[in-house]
Amino acid sequence: MKRRSFVKSTLMGAVTATVLPAVSNANAMHTEVPIEEYYELRVYNLKDASQQNLVEDYLQNALIPALNRHTIKRAGVFTELKPEGQTKVFVLIPYVSPSQIDRVQNLISGDKDYIAKAAAYLNAPVTAPAYDRIESSLLKAFPHTILATASEKKPRIFELRQYQSASEAAGKKKIEMFTGQGEIDIFKRLGFNPVFWGETVIGPQRPNLTYMITFDDLPAKDAHWKAFGSDAQWKKISSVPEYADALLVSKITSTMLVPTAYSQI
């Protein structure tokens, strides 16, 4: 029972809507448009293909349809482009604010179709668990950024990048480069097709910021990063002593991902 409750708590804490019904008056229903966003970035660690099949069946046939029924329009699901052993499964779910968690939890917990279709995943026995571990991070979107519109449905790859900093002050300064000094504008101008930018507020390896960008293929990725490194605006920003990477970034990780056929991002 403890494990089942934990799974349910982790599941429900992940979800809310990107567009939510707001308080209605006597004559009209208003819609709340997000001015900021939060994201759960969930990573399933798996031991074998059997676990992957169970998790993906759950995501495709139980969780995502339930989210869509309850006003959550998009959820992204990705696997590793070049896994070392069994791939991890990455799930990205956006929501408006932490205060919406309980609302969506109640909706999902009472969804009979979801409960039925999620049964094999939620009730997996200890002798044959659905996954090894789930790692979850809560990210807050950078100021004035929200999840990008849905990507065109064509073959593409995603790069998930994380910049770790040695201190909170250094982490905030790095975010300032993106939001206040125009680094995000460079990514957009050069066609990186950013999906989201977020600061991790709960999760491992803090302080860090995490973002996701999109390419047609690996050669396109290499070409874009080459253009970024030689960009005049980037050279100007990065040449400012207080923005030196040696002061602000202690580690960079990059994970190449591909969307599943049912991913909505």
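Below: a short report on this structure. (Residues numbered from 1 in each chain as written. Predicted model: local features only at pLDDT ≥ 70, side-chain atom pairs only at ≥ 80, totals over all residues. Heavy atoms only, no water.)

**Looking at the nonpolar core**
Counting residues in hydrophobic clusters, the biggest one holds 27 residues, and the most contacted among them are Tyr44, Tyr58, Leu59, Tyr114, Tyr121 and Tyr131. Of all elements in the fold, only α2 (49-69), β5 (89-95), α3 (101-109) and α5 (119-122) reach the threshold of two or more residues within this core. If one sorts the elements of this core by residue count, α2 sits on top with eight residues. One finds Leu209, Trp225, Tyr243 and Val249 within the second-largest nonpolar core, a separate group that totals 25 residues. (Core = buried A, V, L, I, M, F, W, Y, C linked by side-chain atoms within 4.5 Å. Buried < 20%, exposed > 50% of the residue type's maximum accessible area, 1.4 Å probe, protein only. Helix = DSSP H or I, 4+ residues; strand = E, 2+ residues; numbered from the N terminus.)

**Focus: the pattern of salt bridges**
With the rule as written, the count across this model stands at 13 salt bridges. Asp113 is the salt-bridge partner of Lys117, the closest N and O atoms lying 3.4 Å from each other. On the criterion of helical spacing, the pair formed by Lys117 and Asp113 is a turn pair, its members being four residues apart in helix α4 (residues 112-117). Relative accessible area serves as the criterion here: at 32%, Asp113 is assigned to the partly exposed category. For Lys172, the salt bridge identified is with Glu199, shortest N-O distance 3.0 Å. In this pair, Lys172 sits in helix α6 (residues 168-179) while Glu199 sits in strand β8 (residues 196-202), placing the two residues 27 residues apart along the sequence. Residue classification places Lys172 among the partly exposed residues on the basis of a relative accessible area of 48%. What you see here is one network of salt bridges that share partners, running through Arg69, Asp111, Asp113 and Lys117. (Salt bridge = Lys/Arg side-chain N within 4 Å of Asp/Glu carboxyl O.)

From the geometry alone we can't say anything about function, so treat these as descriptive.
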